[in-house]
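Listed here are the chains, written in short residue letters.
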Amino acid sequence: MLRMESETGWWLITHPDHAHLAGEFAAAWGNAQFRKPEPRARVLKGIFCHDDGWTKRDAHPTITREGKPSAFSTELVGKYSAFEEIDLKEYLAVRERAVRIVAEVDHYAGLLISMHTYNLLTAHADRSTIAPEDLVVLDTFLDRQRAYQRELRASISADSSLTAVESAEETILEHFRLLQACDNLSLFACVAFSSPGHLLHPLPLNNGGTAEVKVLPIAPRHFRLAPWPFSDAELVFTFPARQVNGKLFPDSRSLEGAFNAAPIEHLIVKLSA
């Protein structure tokens, strides 16, 4: 779950809906300067579906020790911590399911999701917030992901529907970076991030170079990107969210009841050149 504070409580956004917004950004990606992803359908599937494994978990929101909805929030942008607030084994099971349900259908898309998961839990994870016994669990999970990635890469190499360029390691790495770029932009939107940021990685250009895309908030959920990676000068997207009243909840059952009772509304995201 992701949360965005409102005047009376919280907007709550599910992981799959956040990922679907990232997929919409990826579908619009590319112009005379920035390279469009190929194989397009398989890359977009990986980005659009990268959090589909969270559907069951997000149907039952829980609270933190403080009583807030346990969710990704603006305070966690650029970090991957607060592991003391979660059941790590359950969390990793969700992460593994998110990889497997896509990889079993599309090895290419699944590999991108596994690379994303591995990167979050290595390059960005704050291991100091993880109990020593849970570090063993985490490292075992990471070993499984590395082994699974080798299997997926072997399948991709043997896939005759892919060109040599599409199955090349450098191309796959570019698409992983695009997934993380669109994921980060979606996080900015879903939590109404209000500080300048960027899309994490240098992203491929049509001339063979790369460029880092900077993100400047100019109003709530309205961002200016430079250099501009889309064709149209301005783009508008929406994503579903539910607003729950109250900043703190006595227990997870109360939060889940409020979440289920709240109507689904659609919030607007605007991107400008």
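Preceding this section is the structure that the text describes.
The structure reproduced in this document is the subject of the present report.

Side note on the packing of aromatic side chains
A complete count under the given rule lists 7 aromatic pairs for this structure. Measuring from ring centre to ring centre gives 5.1 Å for Trp-228 and Phe-230, while their planes differ by 75 degrees; the resulting arrangement is edge-to-face. In terms of burial, Trp-228 and Phe-230 fall into one category: buried. In textbook terms, an aromatic cluster arises when at least three aromatic residues are bridged by ring pairs, as seen for Trp-29, Phe-34, Trp-228 and Phe-230. It is Arg-242 that lies over the ring of Phe-259; its NZ or CZ is 4.6 Å from the centre.

Quick word on the packing of helix H1 (residues 15-28) against helix H7 (residues 169-190)
Between H1 and H7, the least distance of the axes is 8 Å, while the angle of their chain directions is 120 degrees. One finds that H1 runs oblique with respect to H7. Two packed elements cross with a definite hand, and for H1 against H7 that hand is right-handed. Every residue of H7 that contacts H1 at His-18, Leu-21, Ala-22, Phe-25 and Ala-26 is listed here: Cys-182, Asp-183, Leu-185, Ser-186, Leu-187, Ala-189 and Cys-190.

As for helix H2 (residues 40-48)
Residues of H2 that are buried include every one of Arg-42, Val-43, Leu-44, Gly-46 and Ile-47, and no others. Buried-residue contacts for H2 involve H1, helix H5 (107-120) and H7.

Let's talk about the pairing of strand S9 (residues 264-272)
Two faces make up the sheet, and in a regular strand the side chains alternate between them. Bridge count for strand S7 (residues 222-226) against S9 is 3 bridges, and the pairing is parallel. Pairing of Phe-223 across the sheet is with Leu-271, part of S9. Sheet topology note: the strand S8 (residues 234-245)/S9 ladder contains 9 bridges and is antiparallel. Bridge assignment links Leu-235 to a residue of S9, and that residue is Leu-271.

A closer look at helix H4 (residues 88-103)
For H4, built from 16 residues, the straight-helix expectation of 22 Å at 1.5 Å per residue is met to within 8% by its first-to-last C-alpha distance of 22 Å. Among the residues making up H4, those that are buried are Leu-88, Tyr-91, Leu-92, Val-94, Arg-95, Glu-96, Ala-98, Val-99, Val-102 and Ala-103. Turning to H4, the residues buried within the fold contact H2, helix H3 (55-58), H5 and helix H6 (132-157). At the N-terminal boundary of H4, the capping side chain belongs to Asp-87, with an oxygen 3.2 Å from the backbone nitrogen of Lys-89.

As for the pairing of S7
The pairing of strand S6 (residues 214-219) with S7 spans 5 bridges and is classified as antiparallel. Considered in S7, the bridge of Val-215 is made with Leu-225. Adjacent in sequence and paired antiparallel, S6 and S7 are bridged by 2 residues, among which Arg-221 carries a positive phi angle near 60 degrees.

Description of the pattern of salt bridges
Scanning the entire structure with this criterion turns up 12 salt bridges. The salt bridge involving Arg-35 is made with Glu-174; its shortest N-O contact spans 2.7 Å. A residue pair is termed long-range when its members are at least 10 positions apart, and Arg-35 in the loop between H1 and H2 and Glu-174 in helix H7 qualify at 139 residues. The salt bridge partner of Glu-169 is Arg-153, with a shortest N-O separation of 2.9 Å.

Brief notes about the packing of H5 against H6
Two elements in contact, H5 and H6, have axes separated by 9 Å at closest approach and are oriented at 155 degrees. Relative to H6, the element H5 lies roughly antiparallel. Crossing of H5 against H6: the hand is left-handed. Touching His-107, Tyr-108, Gly-110, Leu-111, Ser-114, Met-115, Thr-117 and Tyr-118 of H5 are Phe-141, Leu-142, Gln-145, Arg-146, Gln-149, Leu-152, Arg-153, Ser-155 and Ile-156, all from H6. Across the contact of H5 with H6, the residue classes break down as 8 nonpolar, 7 polar and 2 charged.

Scoring rules and cut-offs
- Residue numbers here run from 1 along each chain, matching the order of that chain's written sequence.
- Side-chain atom pairs in this predicted model are given and counted only at pLDDT of 80 or more, local residue features only at pLDDT of at least 70, and totals for whole chains, interfaces and linings cover all residues.
- Heavy atoms throughout the structure, all of them, feed into the side-chain values; hydrogens and water do not.
- The pairing test for Phe, Tyr and Trp rings, Trp by its six-membered ring, is centres within 6.5 Å, and the orientation test on the planes gives stacked under 30 degrees, edge-to-face over 60, and tilted for anything in between.
- The rule is simple: take the accessible area with a 1.4 Å probe, protein chains only, and divide by the maximum for that residue type; under 20% is buried, over 50% is exposed, in between is partly exposed.
- In this scheme, Lys NZ or Arg CZ marks a charge over a ring once it lies within 6 Å of the ring centre and within 35 degrees of the ring normal.
- Helix axes use the C-alpha atoms of the stretch in contact, all axes being lines fitted to C-alpha atoms, and the angles between their N-to-C directions lie in the range 0 to 180 degrees.
- Each helix corresponds to a stretch of at least 4 residues labelled H or I by DSSP, and each strand to a stretch of at least 2 residues labelled E; elements are numbered beginning at the N terminus.
- Should an angle fall under 35 degrees it is called roughly parallel, over 145 degrees roughly antiparallel, and 65 to 115 degrees roughly perpendicular, with every other angle called oblique.
- Two helices cross in a left-handed way if the nearer one is turned anticlockwise from the farther one by less than a right angle. They cross in a right-handed way if the turn is clockwise.
- Whether two residues are in contact is decided by their heavy atoms, any of which lying within 4.5 Å being enough.
- Between any two strands, pairing holds if DSSP finds at least two bridges.
- Any helix carries an expected span of 1.5 Å times its number of residues minus one.
- Under this definition, polar contacts are N or O atom pairs within 3.5 Å; protein pairs additionally need one hydrogen-donor-capable and one acceptor-capable atom, and for neighbouring residues in sequence, both atoms have to be side-chain atoms.
- Salt bridge, as used here, is a side-chain nitrogen of Lys or Arg placed within 4 Å of a carboxyl oxygen of Asp or Glu.
- Under the scheme applied here, ten amino acids are nonpolar (Ala, Val, Leu, Ile, Met, Phe, Trp, Tyr, Cys and Pro), four are charged (Asp, Glu, Lys and Arg), and all others, including Gly, are polar.

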